[in-house]
Amino acid sequence: KPLKFLKGISIDNTIIITIFYILAGILAVTGLVLSVISLPGVWLIFLSAVIVAIVSGFQSISFSTLIILLVIIILSTFLDNLLATLISKKSGTSNYGAIGAIVGGIIGLVIANIPGMFIGPFIGAVACEYIFAKKNFNDSLKSGWASFVGFLLGTGLKILVNIGLMIFVISKIL
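Residues numbered from 1 in each chain as written. Predicted model: local features only at pLDDT ≥ 70, side-chain atom pairs only at ≥ 80, totals over all residues. Heavy atoms only, no water.

**So, the overall build of the chain**
Here's step 1: Per the secondary structure count, the chain includes five helices and two strands.
Here's step 2: Secondary structure elements of the chain, listed N to C terminal, follow the sequence β-β-α-α-α-α-α.
Here's step 3: Here the C-alpha radius of gyration of the chain, 21 Å, is well above what a compact globule of 174 residues would show, namely 16 Å.
Here's step 4: Dimensions of the chain, computed from the C-alpha atoms along their principal axes, are close to 75 × 30 × 25 Å.
Here's step 5: Buried positions account for 34% of the 174 residues belonging to the chain.
Here's step 6: Taking all contacts inside the chain whose residues are at least 6 apart in sequence as the whole, residues at least 24 apart take part in 60%.
Here's step 7: Carbon and sulfur atoms form 78% of the exposed surface of the chain, whose accessible area is close to 10200 Å².
Here's step 8: Placing the 10 positive and 4 negative side-chain charges of the chain at their respective mean positions leaves the two points 8 Å apart. (Helix = DSSP H or I, 4+ residues; strand = E, 2+ residues; numbered from the N terminus. Rg over C-alpha atoms; globule rule 2.2 N^0.38 Å. Buried < 20%, exposed > 50% of the residue type's maximum accessible area, 1.4 Å probe, protein only. Contact = heavy atoms within 4.5 Å. Areas by Shrake-Rupley, 256 points an atom, 1.4 Å probe, with all protein chains shown as cover. Lys, Arg positive; Asp, Glu negative; His and termini not counted. Charge placed at Lys NZ, Arg CZ, Asp CG, Glu CD.)

Okay, structure coming up:
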């Protein structure tokens, strides 16, 4: 049934619904890409789920399902950060190493794109442990390795959760 839109112009509901579903798909894919580069893309995927829920009148995705998805997202974000922190602390990484890993990841991403994002946390943690925490080079390397492993595990967890969310949302669109 047509919607009245802008003073007498009518647009078929299916066109508007299709546009919103395409928007939801674009948000979900963008969210996954952001997660790969360690940015919080999971919220864009959640937004795509909200769009699908609203457009379907909460028939495809219910309000309670959105709440469950929100809890999963919050837990995965918390676990991602906790995992990286625990691995770093277990290896004896200081706060300098943790900060160095974050700064190194950002600088690495800017300078060398995706490879820099993976190498940057390692180099940043090693450099900060060696320079600021005054650790010997071998201990600094150990901290850098722990930061790298924590980054990979945390990013892997985020990507798995986000792929699961995307599959769920896409299955509700189809």
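**Examining the nonpolar core**
Here's step 1: With 19 residues, the main nonpolar core has Ala49, Val52, Ile61, Leu66, Leu69 and Leu165 as its most contacted residues.
Here's step 2: For this core, the elements supplying multiple residues, two or more each, are α1 (13–36), α2 (42–55), α3 (63–90) and α5 (137–173). (Core = buried A, V, L, I, M, F, W, Y, C linked by side-chain atoms within 4.5 Å.)

**Let's talk about the pattern of salt bridges**
Here's step 1: Applying the stated rule across the entire model yields two salt bridges.
Here's step 2: With its nearest N and O atoms 3.6 Å apart, the salt bridge here joins Lys158 to Asp80. Separated by 78 residues along the polypeptide, Lys158 in helix α5 and Asp80 in helix α3 bring together distant segments of the chain.
Here's step 3: Since its relative accessible area comes to 10%, Asp80 is described here as buried. (Salt bridge = Lys/Arg side-chain N within 4 Å of Asp/Glu carboxyl O.)

**Observations regarding the side chain of Ser143**
Here's step 1: Mapped onto the secondary structure, Ser143 falls in helix α5.
Here's step 2: A relative accessible area of 0% means that Ser143 is categorised as buried.
Here's step 3: Sequence-distant contacts of Ser143, defined by excluding residues within four places in its chain, comprise Ser91, Gly92, Thr93, Ala125, Glu129 and Lys135.

**Things to note about the packing of aromatic side chains**
The geometry of an aromatic ring pair comes down to the distance between the two centres and the angle between the two planes.
Here's step 1: Tallying each qualifying case throughout the model produces four aromatic pairs.
Here's step 2: Taking 6.0 Å as the distance between ring centres and 85 degrees as the angle between the ring planes, the aromatic pair formed by Tyr130 and Phe137 counts as edge-to-face. (Phe/Tyr/Trp six-rings, centres within 6.5 Å; stacked < 30°, edge-to-face > 60°.)

**Side note on α2**
Here's step 1: With 14 residues, α2 extends 20 Å from end C-alpha to end C-alpha; this agrees with the ideal 20 Å at 1.5 Å per step.
Here's step 2: Burial in α2 covers these residues: Val42, Ile45, Phe46, Ser48, Ala49, Ile51, Val52 and Ala53.
Here's step 3: Of the surrounding secondary structure, the elements contacted by the buried residues of α2 are α1, α3 and α5. (Expected span 1.5 Å × (residues − 1).)

**Quick look at the environment of Thr77**
Here's step 1: The residue Thr77 is located in helix α3 in this model.
Here's step 2: Look at Thr77 and you get partly exposed, because its relative accessible area is 29%.
Here's step 3: Sequence-wise, Thr77 and Gly154 are 77 residues apart; in three dimensions their C-alpha atoms are separated by 8.8 Å.
Here's step 4: Within the structure, the side chain of Thr77 is placed 2.9 Å from the backbone oxygen of Ile73, a separation counted as a polar contact. (Polar contact = N/O pair within 3.5 Å; in protein donor to acceptor, adjacent residues only side chain to side chain.)

**Points about the confidence of the model for the chain**
Low pLDDT means the predicted coordinates in that region are not meant to be read closely.
Here's step 1: Averaged over every residue, the pLDDT of the chain is 86; residues scoring 70 or more account for 93%.
Here's step 2: Across the chain, α2 holds the top mean pLDDT of 92, while strand β1 (residues 2–5) sits lowest at 44.
Here's step 3: The low-confidence segment residues 1–6, where pLDDT is below 50, has 13 contacts with residues more than four positions distant or belonging to other chains. (pLDDT = per-residue confidence, 0-100.)

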